[in-house]
Amino acid sequence: MVKIVIDGKDYEVPAGANLVDAAKNAAGNDIPVFCYHPKMEPVGMCRMCIVELGMEEIDRETKQPVLDDKGQPKVRWMPKLQTACTQKVTPGMHVRTATKLVEDARQNVIEFLLTSHPLDCPICDKGGECPLQNLTMAHGPGGSRMVFNDKLKLDKHVPLGDLIYLDEERCIQCARCVRFQDEIVGDDVLAFHERGRSLQIITNSDPGFDTYFSGNTTDICPVGALTTADFRFGARPWELTEVPSICPHDAAGSNISLSTRLDRDAGGKAVIKRVMPRQNEYVNEIWISDKTRFGHHFTRSEDRLLHPMLRRGDTLAPTTWKDVFARVAGDLKAAGSDVAVIAGGAITNEDLWELKQLAAGLGSERLGTWTPTYGGADLVAKVGVGKGTNLKDLGKGDAVLVIASDLEEEVPMWRLRLKQAQDRGAYLVVANARHTRLEDFATQKERNGKPVSGATIRYNVGEAAHVMHELKTRYPEIAEKLAGATNLVIVAGAEGLTLDGSKALMQAAANFLISSGHVGKANNGLMSPLPGANGMGLHYMGFTPENTQHIMANPPKVLIVAQAEPGEDDPTAAAWLSKVETVITLSLFPDKTTHYATYALPIQSFAERDGTFVNGERRVQRFYTAQGPMGEALPAWKIVAGMREALGQAKPKVSAAAVMLEISNKVPAFAGCTYKDLAKVEKQFPDVGGADLYYGGTAYDNKGGLGVQIATSADAGETPAVADVTLPAVPKAKDGELLLLPTTRLYNRSHVFKPSVLVHPRVLLPYVELNEADAHKLGVQPGDVVEIAFGDDTVRVRAGINGTPAGVAVLPRELADKATPFLPTSGTIKKVTEPVLA
Amino acid sequence: MTNPIILLRGQEVPNIHQYDVYVQHGGYQGLKKALGMSPDEVINEVKNSGLRGRGGAGFPAGVKWSFIPKNEPVKYVTVNADESETGTFKDRLIMETNPHQLIEGALICAYAIQAKAVYIYLRGEFWDVAHQLDQCIEDARKDGWVGKNIGGGNFSCEVYTHLGAGAYICGEESALLNSLEGKLGQPRVRPPFPAQKGGGLYGEPTVVNNVETIANVPWIMVNGAAEYKKIGTEQSAGTKLYCVSGHVKKPGVYELPFTATFRELLYDICGGPSVEGRNFKALLPSGGSGPIVHLNDQVLDTRMSYEDTAKIGTIIGSASLIVMDDSVDITWVASKVTKFFKHESCGKCTPCREGTYWLDKVIDRILAGEGRPEDVKLIENVAKNMAGITLCALGEFAANPIIHTIKNFPDDFNQHVAKKAETKPVPAKKLAAAGD
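Residues numbered from 1 in each chain as written. Chains lettered and ligands numbered in written order. Predicted model: local features only at pLDDT ≥ 70, side-chain atom pairs only at ≥ 80, totals over all residues. Heavy atoms only, no water.

### Here we look at the nonpolar core
Residue and element names in this part refer to chain A. Residues Ile403, Met468, Leu482, Ile490, Leu526, Leu586 and Phe670 are the most contacted members of the largest nonpolar core, which totals 118 residues. What isoleucine 490 contacts, discounting residues up to four positions off in sequence, is Leu401, Ile403, Met468, Ala509, Phe512, Leu513, Gly525, Leu526 and Met527. Ranked by size, the runner-up nonpolar core spans 105 residues in total, among them Ile172, Phe213, Ala421 and Leu758. (Core = buried A, V, L, I, M, F, W, Y, C linked by side-chain atoms within 4.5 Å. Buried < 20%, exposed > 50% of the residue type's maximum accessible area, 1.4 Å probe, protein only. Contact = heavy atoms within 4.5 Å.)

So this is what it looks like as structure tokens:
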């Protein structure tokens, strides 16, 4: 800490802190800024943060401050005003932020900015939460002396890509968007073009502005120059109600704010107008991925299942909830304990608890996860990243290993934050059977003028566990650096692995962490990109992939499929689902699973109800009700509670909060996780939200809670023991066939993403990626339509040639209109002449 | 004493731009001598010579070199040959007529700071000069003066030329470095300064010196710092290339010691006003970026040194003397210079980007006879609001012509707006409304 003097008062601030931040945090002094952003390097462009700056004079001989007549340190003031954003605080720094000189200069900068600004606030999406507007009100001259009628006339509708529009007139050339892409994301696809007053933002990429994080640029834009295709001209910020929520799409559990409004187009009901990041420095800081931002349209999709449906012969017919509960209770009673549940990753803890209670009441513990590919959640509970972990704290001396996961596609927020950990000096190792985006960063030696360190490991498909288990002998240098790191985080996925392979990998990773002492403390331990927003919740509630495999092999009399889509995901679904006497589906959409259902029951989406998820870092987080229900849909837990009531098990709880209260009392992991606990907030730094004049935005402010991180057993003091790793059989292709490697794409054709029409141009056509030699052998050219045969099934996709390992065909899931394998599978590929593709 | 010729040796020695001729006349002996000294000794020699940067700011070259950290493995020398200041055309002459002296000087500098490479950054229009320099570099390489083990010793250094893409701002050292790195030519935030780790080319400590500065170095090495210091004034050692343009009989580039006065240059050498019957009126001693002065007797009798020009309220800068006789309307000059800076503003910082445009608009209005009496105050105020808060010196330069033309030639402005005031006064109310 160093002592500085701001406007005559002494403050203790962290040494080396940025002056704008220091003044804000220590003195509550809002030095106005446009280009400066606390998450990025200062550039000193806008000149708005100018202050008077002085240093105490130091006697060269005695090294003591020189004192004036009054015994005060003599201050040598700099002749010119200085930009605060480019200053790091040093001892004896004196700052004046409120003098006439400073106020005049700020006023002048505003006046300069407004000479080219269109002042179209009445039609601007940013109006109402615009830093330029706010700062003009606070510091502006109140009028302009530039009285020419030819304000800058430029293009107001420049699509930088499919998702982001640029209004060239409004841009004040602060470069926040350019720097965000360059510094934070590491995809420098935005740039300046031309010079002087013609300076404009352009995109370098083809297709335009093509990253998974592009929406964040609209948040940090201090004017209305960048807007999203989703929200532009959609509503005024002051009409919006901010509802705290959690991204339902992946394991990051990004904190979001659903900006809702009573909308004419929705018959006067509250609907989501946009999704904004909500600051949680532990989870997503102030960023969200474009999927989080634009993937909310399913909540109001016309295709949603709206009424409880009952099978009548070949069709499903609507019925009443009362009828459903009575009939289901009858079926369940008849089945006795031959009942099982399969739940998907996007289901809430409250739903899972009721499902578990229902099954338990019937004497069944057959609770399975969907998809049944990711093992080792139990190890995340034991040696996961320690309580208090913040990926933001990883830096010099620390290390990260990402193995068997394409984080850019699976959990983009983690990829963003781990890339930044590497920027701060962490050693990043990426191990996979194929090239992934994160690998690009791991191979770089230098970024933005700073050295970065990393390494990559390539292995044969399915050998992730082998590599992890034998890391010390196979890659001694890398293993040594990882083991010797101050903090070590391992992110272990399941790409290219069977369930046994995934379990072995997780155990091997846990063993590595345990033996190198990187468990039971913050910023150390294991993470897994479990599918869905509540992969860890499934574990804590007793749902396992092993159970699912057992259920698939031994179909029960009654199967409840809760927010899971085996019919969509599993090419063999027909074989085992059709053996189940009574399938009860709880789903958002009628899908290929409801095809087998006796009862197809509509559930509410995350936006229509409240609930909790546990993210991949085991943080229990609460989301709130944002909009009214679609049709007769109910929260899944209420549906199950209705069944339980009909069975005579228990009276339904009155609210999700009451369910969580019971969970927190009965499940040790959730102790201290009542809704009240989860809603707690604390002051966060950097201070970007609230009523601030300068960073802007009305959504950042976290009023919904920071969540509670569940302690690992290692955190709790239990000494974890290294366990044997049973190395699995490596999946192999049959002779003359290729090994189909299922992968995840962030943008896909799943039911929850399809309704986000504006992202459609970015969803790839179904494709398979081949090795050049294999393609040559098959006589396949890039762009050819090929038929892939696996088991008894076939699918037609387009071929691409992109350096995949020999003998391996990368076949992303959820792109084609029918199920493709979710485990590595042997298959054949042949070119077909008649393209039968949408 | 006769005027010493250090830089324009092409005037004395025909074809000195050729390697053989240059070597016959003592070429590369300065480098040879430097290689026999320790790097620190070379830096001290340059420091002692009093050589100041010829790009405009006049920063002592040796001191700049001494800022380079010794323990960094990678360092660079960048020669600023972007020569874009209005009325400046001296570096081109050096590079055309005496290119080896530049290359030799750059290598001495490289040795002094132990640089890996020298980059000569030329403005895009100097493509022919660059081609000639490339040839010179190859000729010097044949004799072992460029590349590995220079002069048979342990020091190795490459020399490259690089062409800019036509932006004045790339003469600003940090914008130059950005441009050299392939980035947009915009100045960087300082600190870190180019000489510091993180601030130079590719983040490595870098010396950036003007062509003329570097071209002085071989002479200093051969003849010694003391000899060099004998030339010129107390604080401005050596000779300077003065670029004279405008209303004189014999415009051109002249090499004179800093002791020479404006009168000696403009009358004795350039022959006085170009049109008989007209008198000198004004002088821009440092192109468009320096303060304009009345070309009166006091100025004429001032020595053209850094310290003497400061006394008369201007700078010698890059010594681009633009001479104007009494036929010139200074408002027009202010307009021309403002248009230049408007065109060349990089747009990175607000006051310069918007201010230059605004100034230009108002001056155009004044020149067109549409000016309002308060317009003069307005542009003066706008210019003052720019000065001192822009990111780099260009904003300062852009404010200079307005502030100083109004200060020194108020009548030239007032005559325009006075006309307007007589014919069509603008009601104050209307102005206020427009400003709301």
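Back to the text.
### Quick word on the sheet that holds strand β13 (residues 255-263) of chain A
Residue and element names in this part refer to chain A. Spatially, β12-β13-β14 is the arrangement adopted by the 3 strands of the open sheet, whose pairing is antiparallel. This sheet does not close on itself; its edge strands, each paired only once, are β12 (241-246) and β14 (269-277). Adjacent strand axes in the sheet meet at a mean angle of 35° when their direction is disregarded. By the bridge criterion, 6 bridges tie β12 to β13 in an arrangement that is antiparallel. Within β13, the position partnered with serine 245 by the bridge is isoleucine 256. (Pairing = 2+ DSSP bridges. Helix = DSSP H or I, 4+ residues; strand = E, 2+ residues; numbered from the N terminus. Axes fitted to C-alpha atoms, helices over the stretch in contact; angles between N-to-C directions.)

### Digging into the environment of aspartate 308 of chain B
Residue and element names in this part refer to chain B. Topologically, aspartate 308 is positioned in helix α13 (residues 306-311). Put simply, aspartate 308 and threonine 261 are 47 residues apart on the chain and 9.6 Å apart in space, counted from C-alpha to C-alpha. Looking at aspartate 308, its side chain comes within polar contact range of the side chain of serine 305, at 2.4 Å. (Polar contact = N/O pair within 3.5 Å; in protein donor to acceptor, adjacent residues only side chain to side chain.)

### Brief notes about the packing of helix α15 (residues 350-367) of chain B against helix α17 (residues 393-408) of chain B
Residue and element names in this part refer to chain B. Where α15 meets α17, the closest approach of the two axes is 10 Å, and the angle between their N-to-C directions is 20°. Our classification of the angle between α15 and α17 gives roughly parallel. For the pair α15 and α17, the crossing hand works out as left-handed. Facing α15, whose interface residues are Cys352, Thr356, Leu359 and Ile363, α17 presents Leu394, Gly395, Ala398 and Ile402. Partitioning the contact of α15 with α17 into residue classes produces 6 nonpolar, 2 polar and no charged. (Parallel < 35°, antiparallel > 145°, perpendicular 65-115°, else oblique. Left-handed = near helix turned anticlockwise from the far one by under 90°. Nonpolar A, V, L, I, M, F, W, Y, C, P; charged D, E, K, R; others polar.)

### Digging into the side chain of threonine 292 of chain A
Residues and elements named next belong to chain A. Relative to the assigned elements, threonine 292 resides in helix α6 (residues 290-294). On the basis of relative accessibility, which here comes to 4%, the residue threonine 292 falls in the buried class. Side chain to side chain, threonine 292 and serine 289 meet in a polar contact 3.1 Å long. If we ignore the near neighbours within four places in the chain, the residues touching threonine 292 are Cys247, His249, Ile256 and Val275.

### Observations concerning the interface of chain B and chain A
Opposite the 35 residues of chain B that make contact, chain A presents 32 residues. Joining chain B to chain A, the criterion identifies 3 salt bridges. With a closest N to O distance of 3.1 Å, glutamate 344 of chain B and arginine 195 of chain A form a salt bridge. At the level of secondary structure, the elements contributing two or more residues to the side of chain B that touches chain A comprise α14 (330-344), α15, α16 (375-386) and α19 (428-435) of chain B. Looking at the side of chain B that touches chain A element by element, the count peaks at 10 residues for α15 of chain B. Broken down by class, the residue content of the side of chain B that touches chain A amounts to 15 nonpolar, 12 polar and 8 charged. (Salt bridge = Lys/Arg side-chain N within 4 Å of Asp/Glu carboxyl O.)

By themselves these figures say nothing about function.
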